[in-house]
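# Structure assessment
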Amino acid sequence: MAGNAGVKRVAVFGNAGGGKSTLAIAMAKLTGLPLHSIDAIQFNAGGARVSDDEYLKAHADLIRRGEWIIDGFGSLATAWERFAAADTLIYLDLALSTHYWWVTKRFLKSAFVAPAGWPGRQPDVATRR
């Protein structure tokens, strides 16, 4: 993707535990595009959900930007807005057993380490630009 002038706005979405954040982080490092997580604008660092108005404003601000990789789904209405604004859509669709296993692993591991992409644990690539 690096050097491809056509790829500027990428939406990465799919079921929980499908590797969206892992892929989005790798893509941001490779392309230099700023990375944003829907979870980071939908939830506070402590895990409490932000107000709908706050989420909608933050989401609208994100999709107006010229370049981004946005990881996650959010609400159905904002997902469709994001998909319409994106020039590239990446849908991760793995076997349900894989999703169940990866979510279970993440749940067990989260007792010790918060996963990358969770609010308060954003990778630094989001602020590189």
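What counts and how
Residues numbered from 1 in each chain as written. Predicted model: local features only at pLDDT ≥ 70, side-chain atom pairs only at ≥ 80, totals over all residues. Heavy atoms only, no water. Salt bridge = Lys/Arg side-chain N within 4 Å of Asp/Glu carboxyl O. Helix = DSSP H or I, 4+ residues; strand = E, 2+ residues; numbered from the N terminus. Buried < 20%, exposed > 50% of the residue type's maximum accessible area, 1.4 Å probe, protein only. pLDDT = per-residue confidence, 0-100. Contact = heavy atoms within 4.5 Å. Pairing = 2+ DSSP bridges. Core = buried A, V, L, I, M, F, W, Y, C linked by side-chain atoms within 4.5 Å. Phe/Tyr/Trp six-rings, centres within 6.5 Å; stacked < 30°, edge-to-face > 60°.

Turning next to the pattern of salt bridges. Within the structure shown, the criterion is met by 3 salt bridges. The residue Glu 67 makes a salt bridge to Lys 8 at a minimum N-O spacing of 3.3 Å. Remark: Lys 8 occurs in the segment before strand S1 (9-14) and Glu 67 occurs in the loop between helix H3 (52-64) and strand S3 (68-71); sequence separation between them is 59 residues. Look at Glu 67 and you get partly exposed, because its relative accessible area is 23%. One salt bridge connects Lys 57 with Asp 61, and the closest N-O pair in it is separated by 2.9 Å. Pair noted here: Lys 57 and Asp 61 are both in helix H3, with a separation of 4 residues, about one helical turn. Overall, the relative accessible area of 28% leaves Asp 61 in the partly exposed class. Residues participating in the shared-partner salt-bridge network are Lys 57, Asp 61 and Arg 64.

This part covers the confidence of the model for the chain. Any residue range with low pLDDT should be treated as having predicted coordinates unsuitable for detailed reading. Scored by pLDDT, the chain has a mean of 81; 74% of the residues are at 70 or more. The secondary structure element of the chain with the lowest average pLDDT is helix H5 (residues 96-109), at 67, and the one with the highest is S3, at 96. For residues 121-129, every residue scores under 50 in pLDDT, and the model assigns this stretch 25 contacts once sequence neighbours within four places are set aside.

On strand S4 (residues 88-92), burial follows the alternation: Thr 88, Ile 90 and Leu 92 on one face are buried, whereas Leu 89 and Tyr 91 on the facing-out side are not. Bridge analysis of S1 against S4 gives 5 bridges, and the strand direction is parallel. The residue bridging Phe 13 from the neighbouring strand is Tyr 91, located in S4.

Pairing of S1 with S3, which is carried by 4 bridges, proceeds in the parallel orientation. Each bridged residue has a counterpart across the sheet, and for Val 12 the counterpart in S3 is Asp 71.

Before going further, it helps to spend a moment on the nonpolar core. Formed by 13 residues in total, the largest nonpolar core has its most connected members in Ile 38, Ile 41, Tyr 55, Trp 68, Ile 70 and Phe 83. Put simply, the parts of the chain that give this core at least two residues each are S1, helix H2 (38-42), H3, S3 and helix H4 (76-85). Sort the elements by how many residues they give to this core and H3 lands first, with 3 residues. When sequence neighbours within four positions are dropped, the list of residues in contact with Trp 68 reads Lys 8, Arg 9, Val 10, Ala 11, Leu 33, Pro 34, His 36, Leu 62, Ile 63, Arg 82, Ala 85 and Ala 86.

Turning our eyes to something else, we now look at the packing of aromatic side chains. Remark: the centre distance and the inter-plane angle together describe each pair of aromatic rings, the angle taken between the planes. Applying the stated criterion across every chain yields a total of 4 aromatic pairs. Considering the side-chain rings of Trp 80 and Phe 83, the 5.6 Å spacing of their centres and the 80° angle between planes classify their relative orientation as edge-to-face. Here the residue Trp 80 and the residue Phe 83 both occupy positions in helix H4, the gap between them amounting to 3 residues, near one helical turn.

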